[in-house]
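Architecture at a glance
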Amino acid sequence: MLGPGGCRRVAEPRPDGDEFVQPFTLPLPEYVKHLLGGQYTDADMGLAGLVGAGLLTPGPGLR
């Protein structure tokens, strides 16, 4: 998972029985490459994380 400056792990993941979690960290450019490369199973959450961190904002004409 992306951990921008100031973020810290507060607990270990607790997935449901049918889920798997494999946390890892990447530099931002590698994270974006990974996200756009199709390996990420929850790309919507990856994009939401970038938006929530203020690293991805709508371009001109988008809302």
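What this report covers is the structure whose coordinates are included nearby.

1. As for helix 1 (residues 28–36)
Of the positions making up helix 1, those classed as buried are Tyr31, His34 and Leu35. Taken end-on, helix 1 shows its buried residues confined to a sector of 100°, consistent with a single buried face. The exposed residues of helix 1 that point more than 90 degrees off its buried face are Pro29, Lys33 and Leu36. At its buried positions, helix 1 is contacted by helix 2 (43–52). Positive backbone phi, at 90°, marks glycine 38, one or two positions downstream of helix 1.

2. Details of a negative patch on the surface
Negative charge collects at one region of the surface, where Asp16, Asp18, Glu19, Asp42 and Asp44 lie side by side. Its relative accessible area of 71% is what places aspartate 18 among the exposed residues.

What counts, and at which threshold
Residues numbered from 1 in each chain as written. Predicted model: local features only at pLDDT ≥ 70, side-chain atom pairs only at ≥ 80, totals over all residues. Heavy atoms only, no water. Buried < 20%, exposed > 50% of the residue type's maximum accessible area, 1.4 Å probe, protein only. Helix = DSSP H or I, 4+ residues; strand = E, 2+ residues; numbered from the N terminus. Arc of directions from axis to C-beta. Contact = heavy atoms within 4.5 Å. Patch = residues over 30% accessible without salt bridge, like charges linked within 9 Å, V, L, I, M, F, W, Y side chains within 5 Å. Areas by Shrake-Rupley, 256 points an atom, 1.4 Å probe, with all protein chains shown as cover. Salt bridge = Lys/Arg side-chain N within 4 Å of Asp/Glu carboxyl O. Lys, Arg positive; Asp, Glu negative; His and termini not counted. Charge placed at Lys NZ, Arg CZ, Asp CG, Glu CD.

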